Amino acid sequence: MSNQATTLFDKVWDAHVVRKIADGPDVLFIDRHFIHEVTSPVAFLGLEQRGIGVLYPERTFATADHNTPTINQHLPVQDPLSAIQLKALETNSAKYGISHWGLNNPKNGIVHVVGPENGITLPGMSIVCGDSHTSTHGAFGAIAFGIGTSEVEMVLSSQCIMQPKPKKMRISVNGQLQKGVVPKDVVLYIISQLTAAGATGYFVEFAGDVFENMTMEGRMTVCNMSIEMGARGGMVAPDETTFNYIQGREKAPKDEAWDKALAYWKTLKTDADASFDKEYQFNAADIEPMITYGTNPGMGIGISQSIPTAESIGSGQASFDKSMAYMGFQQGEAMMGKKVDYVFVGSCTNGRIEDFRAFASVVKGRKKADHVTAWIVPGSHIVEAQIREEGIYDILTEAGFQLRQPGCSACLAMNDDKIPAGKYAVSTSNRNFEGRQGPGARTLLASPLVAAAAAVTGVVTDPRELLV
Amino acid sequence: MAYDKFTVLQSSAVPLPIENVDTDQIIPARFLKATERKGFGDNLFRDWRYNNDDSPKQDFVLNNPIYSGKILVAGKNFGSGSSREHAAWAIYDYGFRCVISSFFADIFKGNSLNIGILPVTVSAEFLDKIFKAIEADPKTEIKVDLPEQKVTIVATGEQESFDINGYKKHNMMNGFDDIDYLQSAKEDIKAFAAQSLY
Ligand code: SF4
């Protein structure tokens, strides 16, 4: 045993290395594998063409989310191609003995919402899925990251993938967050400071009292967006908050298995003198409610600020101009007061119960602005049930909002929920790329509080003005 | 999925001097609905390449007949965003075998190597030289030599080395993929799984 100080990331990574290849990647064992309808069909096809099977079907979980409609889920899916993918997921899962939560299954929902809420995601695990926001699961102190379809095929056939070990970065945020500043603002702020490529090649650990004091939902929002600064994933050391969240969930360990797991989980933290390849430190008090103005998630500012110049954010002028032309904005303009056509609350970033509580806290006693179309989409059926149980549904309805059924919805313009060309949408999702929410759609990423303020006023509004 | 071996590629190149080209631009989500790995090249850069009525946008580089070749040269941070391997399939299916940039997003880079596209990272200065060379002569040829790990602007002889790990290089040169390797490691994997906590 060496007694060298190590990081949380090293501990979890090293515990999963089956083999090291000289001048090559590590063979990494994968504890949990999530699949969905879009990135898995070709992987199953590959297995068939090679004549190989699924090695450990019990370690893979399937859920349908990207293509699914968010109304009338009891009816047959209208889009024929979507229907084929959904059917393929069901058939492939059945054929290989993989647990499958399809449409209308009470456990169905967005993959990164249902994994944690059912106790499938646990500290110290290695977790992959053919979806870049797999980084969400890092909130539990797991190494979790998105993979391509070839890698989905690798995991199905061998429960391993081949990965060079990333470098390590620690991002610490300390101090007290201002009122109205929520986890989404913290992560949008970090990305605006690092840029959309600032953490490429790194795995990030989020540390400091801001994250220690955050709920699991908040930590998931933050880790979810670590990919938006280019990082492979992000993680937070597991603590009492984590253990309390997990205990009693359906697939979480029970009794003796729980005690054994817990003892191990408590060892999962970065040693005091461990070193990182890169470190950043931010002050919580500097963070405002955030909003993006451009076409990558690094193009974000405090809501009271005006749009910066290409030079001040270190972007190439041509790319910046292209982005501004797409958005219909100009440098130097204020974001506040800009007209909003759509509001989208949902996605694996902000589709959990806390996000709807936050949204409701602002819209309560107010009315939806007439010209705003709002899509309020829970991340799972379990979240939907909570919304109803907690009376949030009534607050929403009274304010003129409708609740849709769970799914990825307007996050990626793959199902029926698309923002029309030229329209402005304040969205709680994670990407504001050109066309992400529909061809020509213009996305302003923000927190559920900022989304709520926009939904009731019809313009970009500082939610702090509406909070009592 | 087996792919063609990659050793030395000499070809003219298509320039895309835009930064942060994300995978939603490479292939928009609405085209990800196939259950097979064919035909994605038609929708490569769909919304930059075609108008809403499917007519080609004349000012987009893929619609400009003076540019062609098996090499795509792109601005920094190419392939950010979604993990969709479809982005790499679309590039391959369109006919590119190599992408040169000064910076690649991680997942895209991994996906490319897995399906037989060589991502070549060069310095910002060298990238600029390549763009200038193509601007001066759209037919200028670029030579990508994987065994030697060198990229050369043929006309001027200007050259730069690039990095790739030995394992991936061996795979690319032989058309092997990771699944072949992992199948051969099954016994070790089973032994590992047997002592796993989860
Ligand atoms: S909600 Fe959006 S980011 Fe999350 S899994 Fe679905 S499509 Fe991907």
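None of the values given here were measured: they were computed from a predicted structure.

Quick question: what am I supposed to make of the site of the ligand here?
All names here are of chain A. If you check the shell around the ligand, you find His-66, Ile-110, His-112, Asp-131, His-133, Ser-347, Cys-348, Cys-408, Cys-411, Leu-412, Asn-430 and Arg-436 and nothing else. More than half of the atoms belonging to the ligand lie within 2 Å of the grid points that define the largest cavity. A per-class count over the shell around the ligand returns five nonpolar, five polar and two charged.

How should unusual backbone geometry be read in this particular structure?
Glycine aside, negative phi is the norm for most residues, and most peptide bonds take the trans geometry. Residue and element names in this part refer to chain B. At Asn-77, a position not held by glycine, the phi torsion is positive, near 60 degrees. Note on placement: Asn-77 falls in the loop between β2 (71-74) and α3 (86-94). Its identity is not glycine, yet Gln-149 carries a phi of approximately 55 degrees, on the positive side. Structurally, Gln-149 is set in the loop between β5 (141-145) and β6 (150-153). Since its relative accessible area comes to 19%, Gln-149 is described here as buried.

I keep staring at empty space enclosed by the protein and nothing clicks. Help me out?
Leftover empty space is mapped by rolling, across the atoms, a probe with the size of a water molecule. Residue and element names in this part refer to chain A. As enumerated under the stated definition, the model contains four cavities of 30 Å³ or more in all. Estimated volume of the largest cavity: approximately 230 Å³. Along its surface, the largest cavity is lined by 24 residues, and His-66, Asp-131, His-133, Leu-412 and Arg-436 are the ones closest to its centre. Among the residues making up the lining of the largest cavity, the classes are represented as eight nonpolar, eleven polar and five charged.

So what exactly am I meant to see when it comes to the sheet that holds β5(B) here?
For sheets, the rule is that strands pair by backbone hydrogen bonds, running either parallel or antiparallel. Residues and elements named next belong to chain B. A sheet is described by the order of its strands in space; here seven strands give the open sequence β4-β3-β2-β1-β5-β6-β7, paired in mixed fashion. In this open sheet, the two strands that pair with only one neighbour each are β4 (118-121) and β7 (158-161). Pairs of neighbouring strands in the sheet enclose a mean axial angle of 25 degrees, with direction left out of account. Where β2 lies against strand β3 (residues 98-101), three bridges are found, and the strand directions are parallel. Opposite Ile-71, over in β3, you have Cys-98 as the bridge partner.

Looking at this structure, I do not really get the packing of helix α2 (residues 41-50) of chain A against helix α3 (residues 80-96) of chain A. What am I missing?
Two packed helices can be described by the angle between their axes and the distance between those axes. All names here are of chain A. For the pair α2 and α3, the least separation of the axes is 10 Å and the interaxial angle reads 45 degrees. Considering their axes alone, α2 and α3 lie oblique with respect to each other. As α2 packs across α3, the resulting crossing turns out to be left-handed. Every residue of α3 that contacts α2 at Pro-41, Phe-44, Leu-47 and Glu-48 is listed here: Asn-92, Lys-95 and Tyr-96. Class assignment for the residues of the contact of α2 with α3 results in four nonpolar, one polar and two charged.

Please clarify how the interface of chain A and chain B should be interpreted in this entry.
Reports often express the size of an interface as the amount of accessible area lost when the parts come together. Taken together, the 76 residues of chain A in the interface contact 55 residues of chain B. For the chain A face of the interface with chain B, the top three residues by lost area are A:Arg19, A:Val42 and A:Arg50, together amounting to 11%. The tally of links from chain A across to chain B stands at five salt bridges. The partner of A:Arg50 in a salt bridge is B:Asp180, and the shortest N-O contact between them spans 3.1 Å. Put simply, the parts of the chain that give the side of chain A that touches chain B at least two residues each are β1 (17-20), β2 (26-29), α2, α3, α5 (149-158), β8 (160-163), α10 (255-265) and α11 (317-327) of chain A. Per-element accounting of the side of chain A that touches chain B gives the leading share, seven residues, to α5(A). Looking at side-chain class alone, the side of chain A that touches chain B contains 36 nonpolar, 24 polar and 16 charged residues.

In this structure, what is going on with α10(A)? I would like to understand it.
Because the α-helix completes a turn every 3.6 residues, residues three or four places apart line up on one side. All names here are of chain A. For α10, the full list of buried residues reads Trp-258, Ala-261, Leu-262 and Trp-265. For α10, the arc enclosing every buried residue in end-on projection is 100 degrees, short of the 170-degree limit, so these residues lie on one face. For α10, the exposed residues set more than 90 degrees away from the buried face come down to Glu-256, Lys-260 and Ala-263. Turning to α10, the residues buried within the fold contact α9 (240-246).

I would appreciate a short explanation of the pattern of salt bridges in the present structure.
Side-chain pairs of opposite charge can arise whenever the charged atoms involved come near each other. Under the definition given, this model contains 35 salt bridges over all chains. Between B:Asp188 and A:Arg19 there is a salt bridge, with its nearest N and O atoms 2.9 Å apart. Taken as a pair, B:Asp188 in helix α8 (residues 186-194) and A:Arg19 in strand β1 lie in two separate chains rather than in one. A salt bridge links A:Lys107 to A:Glu250; its shortest N-O distance comes to 2.5 Å. On the criterion of sequence distance, the pair formed by A:Lys107 in the loop between β5 (99-101) and α4 (111-117) and A:Glu250 in the loop between α9 and α10 is long-range, its members being 143 residues apart. Salt bridges sharing common partners tie together A:Asp10, A:Asp14, A:Lys165 and A:Lys168.

Help me understand the sheet that holds β8(A) in this model?
Residue and element names in this part refer to chain A. The sheet built from three strands is open, its strands ordered β1-β2-β8 with antiparallel pairing. A strand with exactly one partner marks an edge of an open sheet, and here the two such strands are β1 and β8. With direction set aside, neighbouring strand axes in the sheet form an average angle of 20 degrees. Both β2 and β8 contribute to a ladder of four bridges, which runs antiparallel. Residue pairing for β8: Phe-29 is matched across the bridge by Cys-160.

Any chance you could explain the nonpolar core here in plain terms?
Note on soluble globular proteins: their nonpolar side chains tend to be buried together. Counting residues in hydrophobic clusters, the biggest one holds 100 residues, and the most contacted among them are A:Ile171, A:Ile190, A:Phe206 and A:Trp265. Broken down by element, the residue count for this core peaks at seven residues, all from helix α6 (residues 183-194) of chain A. In this structure, A:Phe206 is in contact with A:Ile171, A:Ile190, A:Phe211, A:Val222, A:Cys223, A:Ser226, A:Met229, A:Gly234, A:Met235 and A:Val236, ignoring residues within four places of it in sequence. Membership of the second largest hydrophobic core comes to 87 residues, among which are A:Phe356, A:Leu396, B:Val14 and B:Leu62.

Would you explain the UniProt feature "domain: Aconitase A/isopropylmalate dehydratase small subunit swivel" (unreviewed entry) in chain B in this entry?
Here the UniProt feature "domain: Aconitase A/isopropylmalate dehydratase small subunit swivel" (unreviewed entry) sits at residues 5-124 of chain B. Taken end to end, residues 5-124 of chain B is 23% helix and 18% strand, and its first and last C-alpha atoms sit 28 Å apart.

Would you mind showing me how to read α11(A) here?
Residue and element names in this part refer to chain A. By the burial criterion, the buried members of α11 are Ser-319, Phe-320, Ser-323, Met-324, Tyr-326 and Met-327. When α11 is viewed along its axis, its buried side chains cluster within an angular range of 160 degrees and face the same direction. Exposed positions of α11 whose direction lies more than 90 degrees from the buried face are Ala-318 and Ala-325. Those residues of α11 that are buried lie in contact with β17 (424-427) and β18 (442-445). Just downstream of α11 lies Gly-328, where phi reads positive at about 75 degrees.

About the cut-offs
- Residues numbered from 1 in each chain as written.
- Chains lettered and ligands numbered in written order.
- Predicted model: local features only at pLDDT ≥ 70, side-chain atom pairs only at ≥ 80, totals over all residues.
- Heavy atoms only, no water.
- Near = heavy atom within 4 Å.
- 1 Å grid on protein atoms, 1.4 Å probe; cavity = no way out; pocket = protein on both sides within 12 Å on 5 of 7 lines; lining within 4 Å.
- Sits in = over half its atoms within 2 Å of the grid points.
- Nonpolar A, V, L, I, M, F, W, Y, C, P; charged D, E, K, R; others polar.
- Helix = DSSP H or I, 4+ residues; strand = E, 2+ residues; numbered from the N terminus.
- Buried < 20%, exposed > 50% of the residue type's maximum accessible area, 1.4 Å probe, protein only.
- Points joined across faces, edges and corners; volume = space filled by probe spheres on them.
- Pairing = 2+ DSSP bridges.
- Axes fitted to C-alpha atoms, helices over the stretch in contact; angles between N-to-C directions.
- Parallel < 35°, antiparallel > 145°, perpendicular 65-115°, else oblique.
- Left-handed = near helix turned anticlockwise from the far one by under 90°.
- Contact = heavy atoms within 4.5 Å.
- Buried area = accessible area lost by both parts, 1.4 Å probe.
- Salt bridge = Lys/Arg side-chain N within 4 Å of Asp/Glu carboxyl O.
- Arc of directions from axis to C-beta.
- Core = buried A, V, L, I, M, F, W, Y, C linked by side-chain atoms within 4.5 Å.
- UniProt positions renumbered as here; feature names shortened; annotations may be inferred.

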